[in-house]
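As a plain string of letters, each chain reads:
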Amino acid sequence: MNTSVVSPPEARARGVEFAPDVFVVHLQDGRSLTVPIEWFPRLRDATPEQRSHWRLIGPGIGIHWPDIDEDISVAGLLGLPD
């Protein structure tokens, strides 16, 4: 018996929002990832204005905060290899 493994489609971000102690990454497929902000010291120490100034990397493979020079990949948040 042969078993084939099908890779899941790559998860892509469509938006980010912040709540006390966490940030939420909304994915294009409808899922949302809630992540402790403590995991990312630059985000933790940033001002609310700096946190709100983000942009998607490429077609949503990651998020970039230019004011604090922070990049976070969606694959990394999901525990997948980048």
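Residues numbered from 1 in each chain as written. Predicted model: local features only at pLDDT ≥ 70, side-chain atom pairs only at ≥ 80, totals over all residues. Heavy atoms only, no water.

1. Some details on the overall build of the protein chain
Stage number 1. The secondary structure content of the protein chain amounts to 3 helices and 6 strands.
Stage number 2. Burial analysis of the protein chain (82 residues in total) assigns 32% to the buried set.
Stage number 3. With an accessible surface of roughly 5,500 Å², the protein chain has 53% of that area assigned to carbon and sulfur atoms. (Helix = DSSP H or I, 4+ residues; strand = E, 2+ residues; numbered from the N terminus. Buried < 20%, exposed > 50% of the residue type's maximum accessible area, 1.4 Å probe, protein only. Areas by Shrake-Rupley, 256 points an atom, 1.4 Å probe, with all protein chains shown as cover.)

2. Side note on the sheet that holds strand S5 (residues 62-65)
Stage number 1. Ordered by their spatial adjacency, 3 strands build an open sheet running S4-S5-S6, and the pairing between neighbours is antiparallel. The open sheet is flanked by strand S4 (55-57) and strand S6 (70-73), the only strands paired with a single partner. Along the sheet, successive strands turn relative to each other by an average axial angle of 30 degrees, direction set aside. (Pairing = 2+ DSSP bridges. Axes fitted to C-alpha atoms, helices over the stretch in contact; angles between N-to-C directions.)

3. Some points on the sheet that holds strand S1 (residues 13-19)
Stage number 1. As summarised here, the arrangement of the 3 strands in space is S1-S2-S3, forming an open sheet in which the pairing is antiparallel. Edge strands, defined here as strands with exactly one partner in the open sheet, are S1 and strand S3 (32-36). Averaged over neighbouring strand pairs, the angle between their axes works out to 20 degrees when direction is ignored.
Stage number 2. Where strand S2 (residues 22-27) and S3 come together, 5 bridges link them in antiparallel fashion.

4. Comments concerning the packing of aromatic side chains
Stage number 1. Counted under the stated rule, the structure contains 4 aromatic pairs.
Stage number 2. Where Phe 23 meets Phe 40, the ring centres are 5.7 Å apart and the plane angle is 70 degrees; that geometry is what we call edge-to-face. In this pair, Phe 23 is assigned in strand S2 and Phe 40 in the loop between S3 and helix H1 (41-45), connecting sequence segments 17 residues apart. For the pair shown, Phe 23 and Phe 40 are each scored as buried. (Phe/Tyr/Trp six-rings, centres within 6.5 Å; stacked < 30°, edge-to-face > 60°.)

5. Notes on the environment of Arg 42
Stage number 1. Inspection of the secondary structure puts Arg 42 in helix H1.
Stage number 2. Here Arg 42 falls in the partly exposed class, since its relative accessible area comes to 44%.
Stage number 3. Sequence separation of Arg 42 and Asp 69 is 27 residues, and the distance between their C-alpha atoms is 8.4 Å.
Stage number 4. Setting aside chain neighbours within four positions, we find Arg 42 in contact with Ile 68, Asp 69 and Glu 70.
Stage number 5. Of the polar contacts made by the side chain of Arg 42, one reaches the backbone oxygen of Asp 69; its length is 2.4 Å. (Contact = heavy atoms within 4.5 Å. Polar contact = N/O pair within 3.5 Å; in protein donor to acceptor, adjacent residues only side chain to side chain.)

6. Overview of the environment of Leu 77
Stage number 1. Mapped onto the fold, Leu 77 is located in helix H3 (residues 74-77).
Stage number 2. For the pair formed by Leu 77 and Val 25, sequence separation is 52 residues and the distance between their alpha carbons is 9.3 Å.
Stage number 3. For Leu 77, the contacting residues outside a window of four places in its chain are Val 25, Leu 33, Val 35, Phe 40 and Ile 72.

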